[in-house]
Amino acid sequence: MIGFSIGTVALKSGGGVPQVVAYVVAWALFAFQRVILWEIPFMPARFVWFRCAVSVPFPFVAAAIAMVIGKP
Amino acid sequence: MLDSSPKPPAPAEDAESEPRPGRARKPIGWSTIIIAALVAVSAALVWRRDGTDGVLEILTHDLSLFGGILPRVLAGCLLGAFISEILPHEKVSRSLGPKSGLMGLLIGTAFGAILPGGPFTAYPVASALLAVGADFGATIAMVVSWTLIGYGRAVAWEIPIMGTDFTLWRILISLPLPVLAGALGRFVYVRVYPKRASDEGAA
């Protein structure tokens, strides 16, 4: 779970919380190895592409919500 | 398939026993080709740096990893297959189909949030839901919910690495996202695939 480690490093070295939230959400939604290794073999490829395309705005939405409600 | 059936189905079972549209699986798809290419490049890099011993060491270690994961993959596939056989098509269509509205998205979100296991469980189950009548919107809500607010990854990885405060706060922020993703999915689907959407809506 190297994605979380990179997020932690970003937070500790001065990264903004909304930016790290956007990163973690994007990584959860689009992690290349998960999509290629698991999602495409198990699910119809048309669904996977559609799901990825529809998910594009949501890291930005999550970051925007984080900016509005403030730090944890 | 019905022609080869020894007994015709009883009239009351017609709706449930209709053959579901399957999808042809290619033994070697392009995702397999991409993975194989990445493996070949990685193996070549390891061989160049560490020689044959390095490659063999990794192969031996990965065989035990493969043996550990295989039963879980099999269990996930069987779970998906059993779910697609057990769940009644009509009820799933009503609860998670194109006309299920906000409730369908909320059910998909709740199901994704409580679904245990890793990708070898979640994706076969999501695929089974698609096969028994869930629409793209509800299935997107389920998959996005599993990735964003599912407790499995949060407890095992995110809390130990990123801390409880950040993880809970991130999950709180993510709560509305699966429903929004599902709603956006439905909105786009009926515009990108109008014919499919009308067929599924009529079914």
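Our structure's up above, just so we're on the same page.
As the structure is a computational prediction, the values presented were derived from the model and not from experiment.

Caption draft 1: Structural view of the interface of chain B and chain A. On the side of chain A, 42 residues touch chain B, which itself brings 46 residues to the contact. Surface buried jointly by chain B and chain A totals about 4000 Å² across both partners, of which 82% is contributed by carbon and sulfur atoms. Counting every contact that joins chain B to chain A gives zero salt bridges. Linking chain B to chain A there are two residue pairs in polar contact (both at pLDDT 80 or more). Listed by contribution, the elements that provide at least two residues to the side of chain B that touches chain A are α2 (30–86), α5 (119–131), α6 (136–149), α7 (151–162), α8 (164–174) and α9 (177–192) of chain B.

Caption draft 2: Representation of the nonpolar core in the model. Among the nonpolar cores identified, the biggest contains 59 residues, and A:Val21, A:Val25, A:Met43, A:Phe47, B:Tyr123, B:Leu148 and B:Phe166 are the most heavily contacted of them. Setting aside residues up to four positions removed in sequence, A:Val21 forms contacts with A:Ala62, A:Ala63, A:Ala66, B:Phe166, B:Trp169 and B:Arg170.

Caption draft 3: Here's a closer look at empty space enclosed by the protein. Evaluation of the coordinates by the stated rule reveals one cavity of 30 Å³ or more. Size it by volume and the largest cavity reaches roughly 60 Å³. Along the walls of the largest cavity sit A:Phe4, A:Val24, A:Ala28, B:Thr147, B:Leu148, B:Gly150, B:Arg153, B:Ala154, B:Glu158 and B:Arg170, which together make up its complete lining. Within the residue set of the lining of the largest cavity, elements represented by two or more residues are α2 (17–30) of chain A together with α6 and α7 of chain B. Tallying contributions element by element places α7(B) first for the lining of the largest cavity, with three residues.

Calculation notes
- Residues numbered from 1 in each chain as written.
- Chains lettered and ligands numbered in written order.
- Predicted model: local features only at pLDDT ≥ 70, side-chain atom pairs only at ≥ 80, totals over all residues.
- Heavy atoms only, no water.
- Contact = heavy atoms within 4.5 Å.
- Buried area = accessible area lost by both parts, 1.4 Å probe.
- Salt bridge = Lys/Arg side-chain N within 4 Å of Asp/Glu carboxyl O.
- Polar contact = N/O pair within 3.5 Å; in protein donor to acceptor, adjacent residues only side chain to side chain.
- Helix = DSSP H or I, 4+ residues; strand = E, 2+ residues; numbered from the N terminus.
- Core = buried A, V, L, I, M, F, W, Y, C linked by side-chain atoms within 4.5 Å.
- Buried < 20%, exposed > 50% of the residue type's maximum accessible area, 1.4 Å probe, protein only.
- 1 Å grid on protein atoms, 1.4 Å probe; cavity = no way out; pocket = protein on both sides within 12 Å on 5 of 7 lines; lining within 4 Å.
- Points joined across faces, edges and corners; volume = space filled by probe spheres on them.

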